[in-house]
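Single-letter residue listing:
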Amino acid sequence: MSRKSTRLANLDASVMEAEMRCGSEWPIGLVDAIAQAHQTTVRCVVERRRVLRPSTRYGSNNPEFNPNFAN
């Protein structure tokens, strides 16, 4: 089981790095390249990006993206 979690953690790290470098508009082919590098599917990369996006962009301490934050 730890091998799967390690692979997922490595994939998450790549997705987060791409998100930091490219923002929300990834270059064409980046998802394919990440999928190939991690021996997974494009669908898996897209799903990890979707899952990780709220935690990287909508942090609880970010008033710009948190509608419940009192100004």
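This one's a predicted model, so the numbers in the text were calculated from it and none came from an experiment.

Calculation criteria
- Residues numbered from 1 in each chain as written.
- Predicted model: local features only at pLDDT ≥ 70, side-chain atom pairs only at ≥ 80, totals over all residues.
- Heavy atoms only, no water.
- Helix = DSSP H or I, 4+ residues; strand = E, 2+ residues; numbered from the N terminus.
- Expected span 1.5 Å × (residues − 1).
- Buried < 20%, exposed > 50% of the residue type's maximum accessible area, 1.4 Å probe, protein only.
- Arc of directions from axis to C-beta.
- Contact = heavy atoms within 4.5 Å.
- Salt bridge = Lys/Arg side-chain N within 4 Å of Asp/Glu carboxyl O.

Attention now goes to helix H1 (residues 2-22). Quick reminder: α-helices carry 3.6 residues per turn. Residues three or four places apart thus point the same way. In a regular helix each residue adds 1.5 Å, so 21 residues correspond to 30 Å; H1 covers 30 Å between its end C-alpha atoms and thus fits that length. Within H1 the residues assigned to the buried category are Leu11, Asp12, Val15, Ala18 and Glu19. All buried residues of H1 project into a common sector of 125° when viewed along the axis, lining one side. With respect to the buried face of H1, the exposed residues turned more than 90 degrees away are Ser2, Arg3, Met20 and Arg21. Trailing H1 by a residue or two, glycine 23 shows a phi angle of about 70°, which is positive.

Turning our eyes to something else, we now look at the side chain of arginine 48. Here arginine 48 lies in helix H3 (residues 42-57). Those residues within four positions of arginine 48 in sequence are excluded, and the remaining contacts are Leu8, Leu11, Asp12 and Val15.

Turning our eyes to something else, we now look at the environment of cysteine 44. Structurally, the position occupied by cysteine 44 is in helix H3. Residue cysteine 44 is classed as partly exposed on the basis of its relative accessible area of 26%. Sequence-wise, cysteine 44 and leucine 8 are 36 residues apart; in three dimensions their C-alpha atoms are separated by 9.9 Å.

This part covers the pattern of salt bridges. In this structure the tally under the stated criterion is four salt bridges. Note that aspartate 12 is salt-bridged to arginine 48, the shortest N-O span being 2.7 Å. Of this pair, aspartate 12 sits in helix H1 while arginine 48 sits in helix H3, and the two are 36 residues apart along the sequence. With respect to burial, aspartate 12 and arginine 48 carry one shared label: buried. Glutamate 19 is paired through a salt bridge with arginine 49; the nearest N and O atoms lie 3.2 Å apart. With glutamate 19 in helix H1 and arginine 49 in helix H3, the pair connects residues that are 30 residues apart, well separated along the chain. The same class applies to glutamate 19 and to arginine 49, which are both buried.

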